[in-house]
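# Commentary on secondary and tertiary structure
Listed below, chain by chain, are the residues.
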Amino acid sequence: SDWTNSGDALVALDDDKTKGRTDMELLVGTTIIELIYGDITKTNVDCIVNAANTSLLGGGGVDGAIHRAGGIEILEECKEIRARQGGCSVGEAVITTAGKLNAKYVIHTVGPVWNKGINNEEDKLEKCYKNSLDIAVKHNVKSIAFPNISTGIYRFPKLKAAQIAFSSVQSFIEDEKFMDRIQFVCFDEENYQIYLKIFKEKL
Ligand code: ADP
């Protein structure tokens, strides 16, 4: 592993993301918010959130990783939802089995494609987090993991996306005392460093 100087603390970044690491945690009300540097398919929670696309038929990035690791069952349920309601709109979320993953459910939410901020992308991203958490609560989910929605192929600015992710989760916790654990799972180092800084500011 290599060492990166981030602010005043030296943080070890393990190259083997399959291990996953809880790097920081914050207690907000009765909910623990965790920062993980790793692969979301390896994490141990009730529910994993997928950054899907409107077709729900799978794609690259985290979507591809979740379908590969979870197996065909997830895609079968996505196809049923698609047949019923024609996919999933931007900002909305749907729930399926997690197939072979450790989790019980996958929530598929569709982040906005960044277009200079002129299409209400910020509100749409906030809705992704809020709607995912609402569906999770309806299914009695007590622990949930989020990837950095929209910050890959959809090019949402990473700092802005992290601030929205954090504030959406925080205001959800203030309204609902339901969730035990919420994880932010960062896969790329840039996102990880951004989240680390936000976590440290909240400590
Ligand atoms: P979007 O189309 O919403 O931008 P992407 O999958 O392209 O979705 O990227 C979203 C984020 O998911 C990116 O920050 C990327 O680094 C991250 N990511 C990719 N693979 C994984 C994985 N296996 N686990 C967690 N995050 C991942």
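Residues numbered from 1 in each chain as written. Predicted model: local features only at pLDDT ≥ 70, side-chain atom pairs only at ≥ 80, totals over all residues.

### Digging into the overall build of the protein
Here is the rule we go by: Secondary structure counts use DSSP, requiring at least four H or I residues in a row for a helix and at least two E residues in a row for a strand, with both numbered from the N terminus. Contact definition: two residues whose C-beta atoms, as placed from backbone geometry, lie within 7 Å.
When helices and strands are counted, the protein shows five helices and nine strands. Walking the protein from its N terminus toward its C terminus, one meets helices and strands in the order β-β-β-β-β-α-α-β-β-α-β-α-β-α. In the protein, 65% of the contacts between residues at least 6 apart in sequence involve partners at least 24 apart.

### What about the site of the ligand?
Cut-off, in case you're wondering: Near, for a residue, is defined by distance from a backbone-placed C-beta atom to a molecule or strand, with 6 Å as the limit that must not be exceeded. Just so you know the grouping, Ala, Val, Leu, Ile, Met, Phe, Trp, Tyr, Cys and Pro go in nonpolar, Asp, Glu, Lys and Arg go in charged, and all remaining residues, Gly too, go in polar.
For the ligand, the set of nearby residues contains 21 residues, the closest of which are Ala51, Gly61, Gly152, Tyr154 and Phe187. With four residues, helix α1 (residues 61-70) is the single largest residue contributor to the shell around the ligand. Of the residues belonging to the shell around the ligand, the class tally is ten nonpolar, eight polar and three charged.

### Concerning the packing of helix α4 (residues 158-175) against helix α5 (residues 189-202)
Where we set the bar: Interaxial angles span 0 to 180 degrees and are taken between N-to-C directions of axes, which are lines fitted to C-alpha atoms, for helices over the stretch in contact. In these notes the angle categories are as follows: under 35 degrees is roughly parallel, over 145 is roughly antiparallel, 65 to 115 is roughly perpendicular, and the rest is oblique. What makes a crossing left-handed is the near helix being turned counterclockwise from the far one by less than a right angle; a clockwise turn instead makes it right-handed.
Running from amino to carboxyl end, α4 crosses α5 at an angle of 50 degrees, the nearest separation of the two axes being 10 Å. It follows that α4 is oblique to α5 by the angle criterion. Here the hand of the crossing between α4 and α5 comes out right-handed. Between α4 and α5, the residues in contact are Lys158, Leu159, Ala162 and Phe166 and Glu190, Asn191, Ile194, Tyr195 and Ile198, respectively. Tallied by class, residues from the contact of α4 with α5 come to six nonpolar, one polar and two charged.

### Re the pairing of strand β6 (residues 93-97)
How we decide: Comment: burial labels come from other C-beta atoms within 10 Å of the residue's own C-beta, placed from the backbone, where a count of 20 or more is buried, 12 or fewer is exposed, and between is partly exposed. Strand pairing is defined by DSSP finding a minimum of two bridges between the two strands.
In terms of burial, β6 is a largely internal element, four of the five residues being buried. Two elements, β6 and strand β7 (residues 105-110), share five bridges in a ladder whose sense is antiparallel. In the strand pairing of β7, valine 94 is matched with histidine 108.

### Structural notes on unusual backbone geometry
A positive phi is found at leucine 56, a non-glycine position, where the angle reads about 60 degrees. Positionally, leucine 56 belongs in the loop between β5 (47-52) and α1. Here the phi dihedral of lysine 116 falls at roughly 60 degrees; this positive angle occurs in a residue that is not glycine. Following the sequence through the fold, lysine 116 ends up in the loop between β7 and α3 (121-138). Among the residues examined, lysine 116 registers 6 C-beta atoms within 10 Å and is labelled exposed.

### A word on the environment of glutamate 122
Mapping glutamate 122 onto the fold places it in helix α3. Given 17 C-beta atoms within 10 Å, glutamate 122 falls into the partly exposed group. Apart from the residues lying within four places of it in its own chain, the contact partners of glutamate 122 are Gly117 and Ile164.

### Quick word on the pairing of β5
Look at any regular strand and the pattern is simple: side chains alternate between the two faces of the sheet. Burial analysis of β5 places six of its six residues in the buried class, which makes it a mostly covered element. The side-chain alternation of β5 yields two buried faces, one formed by Cys47, Val49 and Ala51 and the other by Ile48, Asn50 and Ala52. Taken together, the six bridges between β5 and β7 define a ladder with parallel strand orientation. Residue pairing across strands places alanine 52 opposite valine 110, the latter belonging to β7. Bridge count for β5 against strand β8 (residues 143-146) is two bridges, and the pairing is parallel.

### Re the nonpolar core
Applied cut-off: By our criterion, buried Ala, Val, Leu, Ile, Met, Phe, Trp, Tyr and Cys residues that link up through C-beta atoms within 7 Å make up a nonpolar core.
Ranked by internal contacts, the top residues of the largest apolar core, which has 58 residues, are Cys47, Ile48, Ile107, Ile144, Phe146 and Ala165. If one sorts the elements of this core by residue count, α4 sits on top with seven residues.

### So, the confidence of the model for the protein
Applied cut-off: A residue's pLDDT is the confidence the predictor assigns to it, expressed on a 0 to 100 scale.
Averaged over every residue, the pLDDT of the protein is 91; the share at 70 or more is 89%. Segment residues 1-12 is flagged for pLDDT under 50; beyond a separation of four residues in sequence, or across chains, it makes 18 contacts in the model. Note on the complex model: pTM 0.92, ipTM 0.99.

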